[in-house]
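Read off the chains here:
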Amino acid sequence: MSDVLLTGLKIGESARWHEHRLWLANWGTRQVLAVDLDGNAEVMATAPTTLPFSIDWLPDGRLLVVAGPEGRLLRQEADGSLTDHADLTGLGAGLNEIVVTGRGDIYVNGGTDFHPGAGEAPGFVVLIRADGSVRRVADGLAFPNGMAVTPDEGTLIVSESFAGRLTAFDIRPDGTLTGRRVWAPLPGDGIVLDAEGAVWTPGWTERGPACLRVAEGGEVLATVPLDRAGFACTLGGEDGRTLFTLAADWRMADGFEDNLERLLTGPETGQVCTARTPAAHAGHP
């Protein structure tokens, strides 16, 4: 079982280890938090939008925030203000996760429809380059969620939550994607890679919610039980081997909208949980 580092979140999402602290988006408060290893939280940004869905950083250190319902990608300036980084208005609302590569290519996914039509998969991934250009590089994803880029920056892995799989793409030198394939036939959410090539993802076992360490192909290598549903995870700490999982009281018997309404407006059940792992963080984010 994991240890609890922090309580009192609404819905913690987009776990990232950055500058010796855990960063996350606290849905329902419009805040981006940084949490130290003693559980002390500091507000690092407050979004001028309803939900800061996910976060990452440009190579120069500036924070990026995806404002999902508004379909905006925001960049934090030196004075702390948030401004639009790129024009994503043509994509519509429903943006979700972000990952930035070491060379500065930005991948943002979206098309997260809770109730798609039968056989429909409206999810997509867009590439935003340093020149501000925006290009769709993948379509037909079933509720794209967390993403990770391998250390060699040759592969992008995307959680397709509604398809129950982790999907991989080869990354071309120009940032476009090819070679789509199933990386593991197992559901994922907010994911992170380790130095042995495994993915950590929140998930479920026969005993309930857990964070799972998954090998390419789908073998579950390790399981960290949770007492409530996990939403995202990352690896960090001084040696990169501390697993941070963001969890909250999501109820599988309730619908998506009912769960979100309760978690965003009701009791604050969100937590940061920690556990030790056999391999350190690798890749992006």
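Residues numbered from 1 in each chain as written. Predicted model: local features only at pLDDT ≥ 70, side-chain atom pairs only at ≥ 80, totals over all residues. Heavy atoms only, no water.

Draft legend 1. Representation of helix 1 (residues 256–265) within the structure. If you check which residues of helix 1 are buried, you get Asn259, Leu260, Arg262 and Leu263. Each buried residue of helix 1 lies within a common arc of 165 degrees when the element is viewed along its axis, so the set occupies one face. The exposed residues of helix 1 that point more than 90 degrees off its buried face are Asp258, Glu261 and Thr265. The inward-facing, buried residues of helix 1 abut strand 2 (11–18), strand 3 (21–27), strand 22 (229–236) and strand 23 (242–248). (Buried < 20%, exposed > 50% of the residue type's maximum accessible area, 1.4 Å probe, protein only. Helix = DSSP H or I, 4+ residues; strand = E, 2+ residues; numbered from the N terminus. Arc of directions from axis to C-beta. Contact = heavy atoms within 4.5 Å.)

Draft legend 2. Expanded view of the nonpolar core. Counting 26 residues, the largest nonpolar core has Leu73, Ile98, Ile106, Val108 and Ile128 as the members making the most contacts within it. Residue contacts for Val108: discarding those within four places in its chain leaves Val66, Leu95, Glu97, Ile98, Phe124, Val125, Val126, Ile128 and Met147. Grouped together as the second largest cluster of nonpolar side chains are 14 residues, Ala138, Leu141, Met147 and Ile171 included. (Core = buried A, V, L, I, M, F, W, Y, C linked by side-chain atoms within 4.5 Å.)

Draft legend 3. How the structure looks around the side chain of Thr274. Along the chain, Thr274 falls in strand 24 (residues 270–276). Classification of Thr274 as buried rests on a relative accessible area of 16%.

Draft legend 4. Geometry of the sheet that holds strand 14 (residues 144–149). With respect to topology, four strands assemble into an open sheet ordered 14-15-16-17, the strand pairing being antiparallel. Whereas interior strands pair on both sides, the edge strands pair on one side only; in this sheet they are strand 14 and strand 17 (177–184). Adjacent strand axes in the sheet meet at a mean angle of 25 degrees when their direction is disregarded. (Pairing = 2+ DSSP bridges. Axes fitted to C-alpha atoms, helices over the stretch in contact; angles between N-to-C directions.)

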